[in-house]
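Coordinate analysis (summary)
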Amino acid sequence: MWHTPRIVLLLTSGVIPVLVLFSKRRRAQNLDDFPTVGCSFGPSRCFSNFYVGASRFLVDAPGVLREGYEKYGNRPFKVATMLRWTIVFSDPKQTMEITDAAEEDLSFREAMKDIMGVDDTLEINADSPDHDLLAELLKSHIARNATKICGEVQDELLASLENVLGNESDADWTSIPALSTVNRIMMQTWQRFFVGYPLCRNSEWCSLVAKIHKDVSILSVIRRIVPSWTFRFFAKMASNLEANVNRATMLLGPVVEACISEVDEYAVPGQQKIDFLARLVKRSTGEDSLLKNLTTRLLGFTIAVASTPSNTLTHALYHLATNPDFAQTLRDEVDPIVQRDGWNVQSVANMRKIDSFLRESARINGVSSLGFFRQAMRDFSLSDGTFLPKDCFIAVSLPPFHRDSTAYEAPDEFRPFRFSDNPEHSMSTISPHWLFFGYGKHLCPGRFLLTHQLKVMFAYMVSAYDIRFGDEWTSRPPNFIFGEGVVPNLSAHVSYRRRQAR
Ligand code: HEM
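Within each chain, residues carry numbers counting from 1 in the order of the written sequence. Local features in this predicted model are restricted to residues of pLDDT 70 or higher, and side-chain atom pairs are both shown and tallied only at a pLDDT of 80 or more, whereas totals for entire chains, interfaces and linings draw on every residue. The basis for every side-chain value is the complete set of non-hydrogen atoms in the structure, without hydrogens or water.

In this text, helices come from DSSP runs of H or I with a minimum length of four residues, and strands from runs of E with a minimum of two, each type numbered from the N-terminal end. Relative to the helices and strands, Ser-160 is located in helix H7 (residues 133–166). Spatially, the C-alpha atom of Ser-160 lies 9.4 Å from that of Met-187, the residues being 27 residues apart in sequence. Among residues more than four places away in sequence, those in contact with Ser-160 are Ile-185 and Gln-188. Note on contacts: a residue pair is in contact if any heavy atoms of the two residues lie within 4.5 Å.

Here it is, written out as structure tokens:
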């Protein structure tokens with residue numbers, strides 16, 4: 001998110017509002033049945049009112065959503081998000097219905113396509129019959145090979161962590177930019193999963209993926225607000241996307257070639273190769289099997305899931321650095337488990353306090369104030385009669401669930417060990433009051449693997465290093481709010497040193 005100043009500059013310059021005015025993207029359905037929140041004047045379909053609301057939402061989405069909740073309770077209301085009007089729900093019954101709705105009624109895929117913009121930006125053919133292959137493969141691949149994948153991801157994580165943090169100071173404190181360092185470590189770890197060893201350790205590949213991610217993030221914002229016929233022009237002006245994707249395609253080529261020959265060799269039933277890329281290569285057909293298309297789809301997917309894990313870990317790290325005393329309680333749990341059983345799926349699963357700390361941090365901060373984005377594919381009514389016109393966008397506000405005082409005692413307080421005695425309240429367990437990984441039809445298939453990864457990384461950092469903030473922060477640095485996104489402070493540094501004996 002370092003590119004934010006450029007985006008803000010674009011959004012606030014005179015050019016973008018004019019383009020938005022003429023853009024077909026700001027769909028104008030009749031949503032008058034839903035009260036408007038966050039825009040203070042004029043009829044809701046008036047452009048200036050929309051723009052005022054969208055600007056406010058950009059910098060204060062949590063405040064806008066809180067205002068809606070205070071004014072209208074569980075009734076849905078609409079807010080202007082830079083892209084369009086979005087109808088926001090917070091009623092539990094309506095939410096459950098949304099999470100279970102059929103794709104033909106309320107589409108998750110269409111909403112994601114529009115919000116993330118990855119398909120358009122990377123010119124991925126979203127109409128290909130195999131478009132959902134990656135998500136499907138991921139679900140079955142993780143489900144079948146969970147232990148092996150967790151082991152590989154863990155190896156890569158520990159190697160990358162020691163590589164980035166390891167050789168620095170033993171007794172002296174070293175200061176590092178927290179979010180970008182966590183991003184670096186996560187990047188290498190997830191590349192092990194997506195493209196395997198040794199490409200995941202190729203610094204040019206990792207740097208290209210990071211650059212493409214940055215380009216896609218900038219372009220997906222621009223894409224939403226400029227008329228589609230001007231987009232390629234802006235894309236060329238604002239990025240080196242094409243050149244970077246071409247280079248990434250060249251680097252991936254030999255790995256794909258190797259997969260193709262291995263896929264043949266391993267075609268004997270029961271001996272299939274089990275890494276993700278090999279499965280993707282094996283299952284892709286027609287145009288989707290061309291190297292460039294394989295590369296863009298793989299990159300698109302990697303990018304779509306790239307920032308949330310880093311943000312989640314960094315949120316927790318900031319809580320720890322603000323309260324270094326929590327480390328001892330965590331070490332009292334981690335040390336005996338690791339001494340007895342080492343690092344593996346079962347031993348990490350037994351780290352209840354680590355789990356609770358991460359879940360509590362994710363409950364308090366989240367990575368987004370809104371979830372369950374859906375686009376109505378036809379005029380559609382919920383069972384209580386709430387009418388959603390075709391093409392409208394809806395979402396669910398998450399704080400009313402995660403800070404519900406009937407479910408959580410003192411819901412606004414960070415209590416890191418509040419879940420540690422109850423295994424039913426673990427990070428990856430789903431309940432109507434814990435929607436971090438979704439609920440219903442599109443529940444996150446990466447959640448077990450991700451929880452394992454986050455726990456290993458956090459537990460290892462706590463047990464191997466002392467971590468604190470330097471003098472510049474006396475309390476937790478404020479989160480950076482960008483629309484519904486809740487990003488840990490972008491510029492904060494944390495200090496660390498090798499753990500000192502007590
Ligand atoms: C902290 C990190 C993550 C969070 C908070 C998260 C959260 C979510 C949520 C809330 C959904 C459901 C969205 C909805 O119903 O509208 C979802 C879906 C999904 N997630 Fe994650 N996710 C994370 C990381 C990952 C990772 C690392 C992967 C891949 C390895 C992944 C793969 C997916 C896929 C493929 C879906 C779509 C499932 C479907 O098509 O039904 N996620 N995720």
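To continue, consider the packing of aromatic side chains. To pair, rings of Phe, Tyr and Trp, with the six-membered ring standing in for Trp, must have centres within 6.5 Å; the planes then decide the type, stacked if under 30 degrees apart, edge-to-face if over 60, and tilted in the middle. For the structure shown, the criterion picks out 22 aromatic pairs. Centroid distance Trp-190 to Phe-193: 5.9 Å. Interplanar angle 85°. Geometry classified as edge-to-face. Placement of both Trp-190 and Phe-193 in helix H8 (residues 178–194) is noted, with a separation of three residues, approximately one turn of the helix. Every member of this aromatic cluster is reached through a ring pair, and the members are Trp-190, Phe-193, Phe-194, Phe-276 and Phe-301.

Bringing the packing of H7 against helix H13 (residues 291–304) into the picture now. Between H7 and H13, the least distance of the axes is 10 Å, while the angle of their chain directions is 65°. For the element pair H7 and H13, the recorded crossing hand is right-handed. In contact with Leu-133, Leu-134, Ala-135 and Leu-138 of H7, H13 contributes Arg-297, Leu-298 and Phe-301. Of the residues belonging to the contact of H7 with H13, the class tally is six nonpolar, no polar and one charged. Between N-to-C directions, angles cover 0 to 180 degrees, with each direction set by a line fitted to C-alpha atoms, over the stretch in contact for helices. Should the near helix be turned counterclockwise from the far one by less than a right angle, the crossing is left-handed, whereas a clockwise turn marks it as right-handed. Side-chain classes follow a simple rule in which Ala, Val, Leu, Ile, Met, Phe, Trp, Tyr, Cys and Pro form the nonpolar group, Asp, Glu, Lys and Arg form the charged group, and the remainder, Gly included, forms the polar group.

A few words on the confidence of the model for the protein chain. Each residue carries a pLDDT score, the predictor's own confidence in it, on a scale running from 0 to 100. This prediction gives the protein chain a mean pLDDT of 86; 88% of its residues lie at or above 70. Element-level pLDDT for the protein chain is lowest in helix H1 (residues 4–12), with a mean of 44, against a maximum mean of 98 in helix H17 (residues 352–365). Between residues 266–272, whose pLDDT stays under 50, and residues either more than four places distant or in other chains, the model counts five contacts.

On to the site of the ligand. If even one non-hydrogen atom of a residue comes within 4 Å of a molecule or strand, that residue is called near it. Around the ligand, the structure places 21 residues, and the nearest of them are Arg-109, Arg-374, His-442, Cys-444 and Leu-450. What qualifies as a polar contact is a pair of N or O atoms within 3.5 Å, subject to a donor-acceptor requirement within protein and to the restriction that residues adjacent in sequence count only when both atoms come from side chains. A distance of 3.2 Å is found between an oxygen atom of the ligand and a side-chain nitrogen or oxygen belonging to Lys-139. Within the side chain of His-442, an N or O atom sits 2.8 Å from an oxygen atom of the ligand. Those elements that place two or more of their residues in the shell around the ligand are helix H5 (108–116), H7, helix H14 (307–322) and strand S5 (370–376). The residue inventory of the shell around the ligand, partitioned by class, reads 13 nonpolar, four polar and four charged.

So, on to unusual backbone geometry. Cis peptide bonds are those with omega within 30 degrees of zero, and the linkage from Tyr-197 to Pro-198 qualifies with 10°. Mapped onto the elements of the fold, Pro-198 is located in the loop between H8 and helix H9 (203–225). One non-glycine residue, Ala-410, lies in positive phi territory at about 45°. By secondary structure assignment, the location of Ala-410 is in the loop between helix H18 (399–402) and helix H19 (447–464).

Here the focus is the coordination of the iron atom of the ligand. Its sole protein donor being Cys-444 (SG), the iron atom of the ligand sits 2.4 Å from that atom. When you line up the elements, Cys-444 lands in the loop between H18 and H19. Note that water is not among the atoms considered, so a metal site may appear incomplete; the donors listed are N, O and S atoms within 2.8 Å of the metal, with 3.2 Å applied to Na, K and Ca.

On to the nonpolar core, then. A general feature of soluble globular proteins is that nonpolar side chains tend to end up buried together. Counting residues in hydrophobic clusters, the biggest one holds 100 residues, and the most contacted among them are Leu-122, Phe-193, Trp-205, Leu-313 and Phe-458. Looking at this core element by element, the count peaks at 13 residues for H7. Residues in contact with Phe-458, not counting those within four places in the same chain, are Leu-313, Ala-316, Leu-317, Leu-320, Leu-330, Ile-354, Phe-357 and Leu-358. Counting residues in hydrophobic clusters, the runner-up holds 25 residues, among them Cys-39, Phe-50, Ala-54 and Trp-85. Only buried residues count toward a nonpolar core, which is a set of Ala, Val, Leu, Ile, Met, Phe, Trp, Tyr and Cys residues joined through side-chain atoms within 4.5 Å. The cut-offs for exposure are 20% and 50% of the maximum accessible area for each residue type, with area from a 1.4 Å probe on protein chains only; residues under the lower value are buried, those over the upper are exposed, and the others partly exposed.

Criterion used throughout: strands pair if DSSP finds at least two bridges between them. Spatially, five strands are ordered S1-S2-S8-S5-S3 in an open sheet, and the strand pairing comes out mixed. Edge positions in the sheet fall to strand S1 (77–81) and strand S3 (106–107), since each has one partner strand and no second. In the sheet, S1 pairs with strand S2 (residues 84–89) via five bridges, with the strands oriented antiparallel. Paired with Ala-80 across the bridge in S2 is Trp-85. On the sheet, helix H4 (residues 92–100) packs against S2, S3, S5 and strand S8 (393–397) and is oriented at approximately 60° with respect to S5. Against the sheet, H5 makes contact with S2, S3, S5 and S8, and its axis sits at roughly 110° relative to S5, the strand it touches most.

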